[in-house]
Amino acid sequence: MSFLEFIFYFFSTLTVLSALGMITARNPVHAVLFLVFAFFNSAALWITLRAEFLGIVLVLVYVGAVMVLFLFVVMMLDINIARLREGFIRFLPLGIVVALVMVVELGLIVGARYFQVDALPGSGSDVPNTVALGKVLYTQYVYPFEIAAVVLLVAIVAAIALTLRRRPETKYQKPEQQMAVTREQRVRLVKMAAEKKS
């Protein structure tokens with residue numbers, strides 16, 4: 001076994017274990033942290049496959065921006081964990097069937113019959129993968145790229161809107177009303193009759 005194969009199996013094992021930890025974690029914050037760890041390991045795998053740009057983008061965009069946003073949303077929302085666990089056993093058979101279908105579909109797509117290294121665009125040429133990816137991304141797939149950017153923007157706005165909701169049981173300070181108070185509203189003079197000693 002070569003050193004590159006050892007690195008591949010090492011990061012692949014960590015990716016699978018972190019994905020399983022994300023699924024089985026009881027705390028939503030721990031699940032998000034396991035997903036961040038899975039993204040780090042996936043980025044390392046992409047770098048070993050000589051896709052440095054995609055590995056760096058995975059770390060910067062997903063780990064640095066999207067997953068941090070998910071973590072803030074999960075921490076700020078009041079998620080009823082007990083209510084989420086109620087339907088887990090009931091929907092477990094359906095989830096297993098969907099997972100098996102996805103595994104079969106991935107096997108058909110990524111099988112050696114349909115997916116060959118020699119058929120990859122730009123393989124064996126002197127063009128760096130970042131240049132080849134940029135040419136394909138901004139010419140052939142420019143509209144899906146822009147649509148994905150709009151979807152991410154809508155997700156960010158929705159996350160901010162969810163965290164800024166008003167709760168009736170929480171008391172908020174209103175600085176604009178506190179600053180607009182006049183002297184008459186702050187101090188009240190009460191006139192009382194003087195007491196006479198008997």
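Keep in mind that this is a model prediction, so the values were computed, not measured.

Q: Would you mind showing me how to read the overall build of the protein chain here?
A: When helices and strands are tallied, the protein chain shows 9 helices and 0 strands. When its helices and strands are written in sequence order, the protein chain yields α-α-α-α-α-α-α-α-α. Split into buried and exposed, the 198 residues of the protein chain put 14% on the buried side. A separation threshold of at least 6 residues defines the contact pool for the protein chain, and within that pool the share at least 24 residues apart is 57%. Approximately 17,000 Å² of the protein chain is accessible, and the part contributed by carbon and sulfur atoms is 69%.

Q: Sorry if this is basic, but what is going on with unusual backbone geometry here?
A: Across the chain, the bulk of peptide bonds are trans and the bulk of non-glycine residues have phi less than zero. Although it is not a glycine, R50 adopts a positive phi angle of roughly 65°. Taking relative accessible area as the criterion, R50 reaches 66% and is therefore assigned exposed.

Q: Looking at this structure, I do not really get the UniProt feature "transmembrane region" (unreviewed entry) in the protein chain. What am I missing?
A: UniProt's feature table lists "transmembrane region" (unreviewed entry) at residues 6-25, 32-49, 55-79, 91-115 and 141-164, given in the numbering used throughout. Along residues 32-49, the helical share is 94% and the strand share 0%, with 26 Å between the first and last C-alpha atoms. Within the segment residues 141-164, helix and strand shares are 92% and 0% respectively, and the terminal C-alpha atoms sit 35 Å apart.

Q: Looking at this structure, I do not really get a nonpolar patch on the surface. What am I missing?
A: Taken together, the side chains of M1, F3, F6, F8, Y9 and F10 make up a nonpolar region of the molecular surface, amounting to roughly 740 Å² of accessible area. Along the chain, Y9 turns up in helix α1 (residues 3-24).

Q: I keep staring at helix α3 (residues 52-76) and nothing clicks. Help me out?
A: The α-helix winds at 3.6 residues per turn, so residues separated by three or four positions along the chain end up facing the same way. Counted at 1.5 Å a residue, the expected span for α3 with its 25 residues is 36 Å, and the 34 Å between its end C-alpha atoms agrees. By the largest-angle criterion, Y62 marks the main kink of α3, which is about 30°. Considered for burial, the residues of α3 that qualify are G55, L58, V63, V66, M67, L71, V73 and V74. Each element contacted by the buried residues of α3 is listed here: α2 (28-48) and α7 (142-163).

Q: When you look at the environment of A38 in this model, what are you seeing that I'm missing?
A: Looking at where A38 falls in the secondary structure, it is placed in helix α2. The spatial distance from the C-alpha of A38 to the C-alpha of L20 is 9.6 Å, given a sequence separation of 18 residues. Among all residues touching A38, those that are not within four sequence positions of it are T15 and S18.

Q: Hey, could you run me through the packing of α1 against α2 in this one?
A: When two helices pack together, their arrangement is given by the angle between the helix axes and the distance between those axes. Where α1 contacts α2, the axes come no closer than 8 Å and their chain directions differ by 160°. Classified by the angle their axes make, α1 and α2 are roughly antiparallel. Like other packed secondary-structure pairs, α1 and α2 cross with a definite hand, here left-handed. Here L4, I7, F8, F11, S12, L14, T15, S18, G21 and M22 of α1 come into contact with α2, specifically with A31, F34, L35, F37, A38, N41, S42, A44, L45 and T48. Residues belonging to the contact of α1 with α2 are distributed by class as follows: 13 nonpolar, 7 polar and no charged.

Q: I'm lost on the nonpolar core in this one. Help?
A: Generally speaking, nonpolar side chains in soluble globular proteins are found buried as a group. By size, the foremost hydrophobic cluster in this structure holds 9 residues: V32, V36, F39, A43, L58, V63, M67, L71 and V74. Among the secondary structure elements, those contributing two or more residues to this core are α2 and α3. Residue contacts for V36: discarding those within four places in its chain leaves V63 and M67.

Q: It is not clear to me how the packing of aromatic side chains should be interpreted in this structure. Could you clarify?
A: Given two aromatic rings, their pairing is described by the distance between the two centres and the angle made by the two planes. Here the structure, examined in full by the defined rule, presents 6 aromatic pairs. Aromatic pair F8 and Y9: ring centres 5.5 Å apart, planes at 65°, arrangement edge-to-face. The partly exposed category is assigned to Y9, whose relative accessible area is 47%. Note on F10 and F11: the rings are 5.4 Å apart at their centroids and 70° apart in plane angle, and the pair reads as edge-to-face. Within the aromatic cluster, the residues linked to one another by ring pairs are F3, F6, F10 and F11.

Q: Quick question: what am I supposed to make of the packing of α2 against α3 here?
A: The contact between α2 and α3 brings their axes to 8 Å, and the two run at 175°. Judged by the angle between their axes, α2 and α3 are roughly antiparallel. Note on element contacts: α3 touches α2 through E52, L54, G55, L58, V59, Y62, V63, M67, L71, V74 and M75, opposite P28, V29, V32, L33, L35, V36, F39, F40, S42, A43, W46 and I47. For the contact of α2 with α3, a count of residues per class yields 20 nonpolar, 2 polar and 1 charged.

Rules used in this analysis
Residues numbered from 1 in each chain as written. Predicted model: local features only at pLDDT ≥ 70, side-chain atom pairs only at ≥ 80, totals over all residues. Heavy atoms only, no water. Helix = DSSP H or I, 4+ residues; strand = E, 2+ residues; numbered from the N terminus. Buried < 20%, exposed > 50% of the residue type's maximum accessible area, 1.4 Å probe, protein only. Contact = heavy atoms within 4.5 Å. Areas by Shrake-Rupley, 256 points an atom, 1.4 Å probe, with all protein chains shown as cover. UniProt positions renumbered as here; feature names shortened; annotations may be inferred. Patch = residues over 30% accessible without salt bridge, like charges linked within 9 Å, V, L, I, M, F, W, Y side chains within 5 Å. Salt bridge = Lys/Arg side-chain N within 4 Å of Asp/Glu carboxyl O. Expected span 1.5 Å × (residues − 1). Bend = angle between axes of the 7 residues up to and from the residue. Axes fitted to C-alpha atoms, helices over the stretch in contact; angles between N-to-C directions. Parallel < 35°, antiparallel > 145°, perpendicular 65-115°, else oblique. Left-handed = near helix turned anticlockwise from the far one by under 90°. Nonpolar A, V, L, I, M, F, W, Y, C, P; charged D, E, K, R; others polar. Core = buried A, V, L, I, M, F, W, Y, C linked by side-chain atoms within 4.5 Å. Phe/Tyr/Trp six-rings, centres within 6.5 Å; stacked < 30°, edge-to-face > 60°.

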